Amino acid sequence: MAPRAWAVVAAGTCASYGGIHAIEGNPTGCMGLPDYVGWKWKSKAGIPIVCIPGCPVQPDNFMEALLYLLYMAAGRATTIPLDDELRPTWLFGATVHEGCDRGGYYEQAEFTDEYGSPLCIVKLGCWGPVVQCNVGKRGWIGGVGGCPNVGGICIGCTMPGFPDKFMPFMNQPPGSLLSSHAVMTYGKAIHALRKFTQASLNKEPSWRRKPR
């Protein structure tokens, strides 16, 4: 069907990059659509494969990409901008961490080692600082949810290397061992200074008070 299509969209990580079905050691030979038809493949309209990864695909991301293609078909939009992995750039240009509700805790070196805490969960195995995904900011359905927002670690399901390069899940990512140690000194100092400033800002100016 692909040679006859005006545009082709791979919905989900399995369709985009093989995902769980293409995990190392699987005997089926599963692969994503770009690996099957070719990464340089273009439709008869000159459109590359559009990959909307996610396990499962985030519904609004999928519909937004389709809407963009419809605007293209109507002559009201330029060629859809894609990154090197064929993902729409405006959807997958930022990391989970950049839109995470817990990002401020990371900055202040406030990490938790147990679930149920509102603090940063990178030490529990969250890959948010490097994974390109907007679910933390966009939410899952109707702006609600998103893995780290509700206490779940990011396991990298929108990335071409998923799942092989993110296992074992729930182990702290190797890179975060260095980065979290680096931020500790800075984070603790900043947190202390902010507490000091907070103490001042939580007091009304003296001229508002009646003389005693």
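Chains are numbered independently. Their residues run from 1 in the order of the written sequence. Reporting in this predicted model follows two pLDDT cut-offs: at least 70 for local features of residues, and 80 or more for side-chain atom pairs to be given and counted; totals over whole chains, interfaces and linings ignore these cut-offs and use all residues. Side-chain figures throughout are based on the complete set of non-hydrogen atoms in the structure, without hydrogens or water.

Caption draft 1: Seen up close, the confidence of the model for the chain. pLDDT measures the predictor's confidence residue by residue and takes values from 0 up to 100. With 95% of its residues at a pLDDT of at least 70, the chain reaches an overall mean of 90. Numbering of helices and strands runs from the N terminus; a helix is a DSSP stretch of H or I covering at least four residues, while a strand is a stretch of E covering at least two. The weakest mean pLDDT in the chain belongs to helix α7 (residues 174-201) at 73; the strongest belongs to strand β2 (residues 50-52) at 98.

Caption draft 2: Here's a closer look at the pattern of salt bridges. Whenever a carboxyl oxygen of Asp or Glu lies within 4 Å of a side-chain nitrogen of Lys or Arg, that contact is scored as a salt bridge. Considering all chains together, one arrives at two salt bridges under this definition. Residue R138 is joined to E64 by a salt bridge in which the shortest nitrogen-to-oxygen separation is 2.5 Å. Here R138 is found in helix α6 (residues 135-138), whereas its partner E64 is found in helix α3 (residues 59-73), with 74 residues between them in sequence. Classification of R138 as partly exposed rests on a relative accessible area of 26%. Think of it in three bands: residues with accessible area under 20% of the maximum for their type are buried, residues over 50% are exposed, and the middle band is partly exposed, with areas taken using a 1.4 Å probe on protein chains only. We classify E64 as partly exposed; its relative accessible area is 26%.

Caption draft 3: Local environment of the environment of E24. Relative to the elements of secondary structure, E24 occurs in the loop between α1 (13-17) and α2 (33-37). In the structure, E24 is positioned 139 residues away from P163 in sequence and 9.2 Å away in space, judged by C-alpha atoms.

Caption draft 4: Fine view of the packing of aromatic side chains. Two rings from Phe, Tyr or Trp (for Trp, the six-membered ring) form a pair when their centres are within 6.5 Å of each other. A pair whose planes differ by under 30 degrees is stacked, one over 60 is edge-to-face, and the rest are tilted. Using the criterion set out here, one finds five aromatic pairs in the structure. Here W127 and F166 contribute two aromatic rings whose centre-to-centre distance is 4.9 Å and whose plane-to-plane angle is 80 degrees, an arrangement assigned as edge-to-face. Linking W127 in the loop between α5 (103-107) and α6 with F166 in the loop between α6 and α7, this pair joins segments that are 39 residues apart in sequence. Classification of W127 as buried rests on a relative accessible area of 18%. Taken together, a centroid distance of 6.1 Å and an interplanar angle of 20 degrees make the contact between F162 and F169 stacked. Charge-over-ring placement is defined geometrically: NZ (Lys) or CZ (Arg) within 6 Å of the ring centre, and within 35 degrees of the ring normal. Directly above the aromatic system of F111 lies the positively charged group of K123, at a separation of 5.3 Å from the ring centroid.

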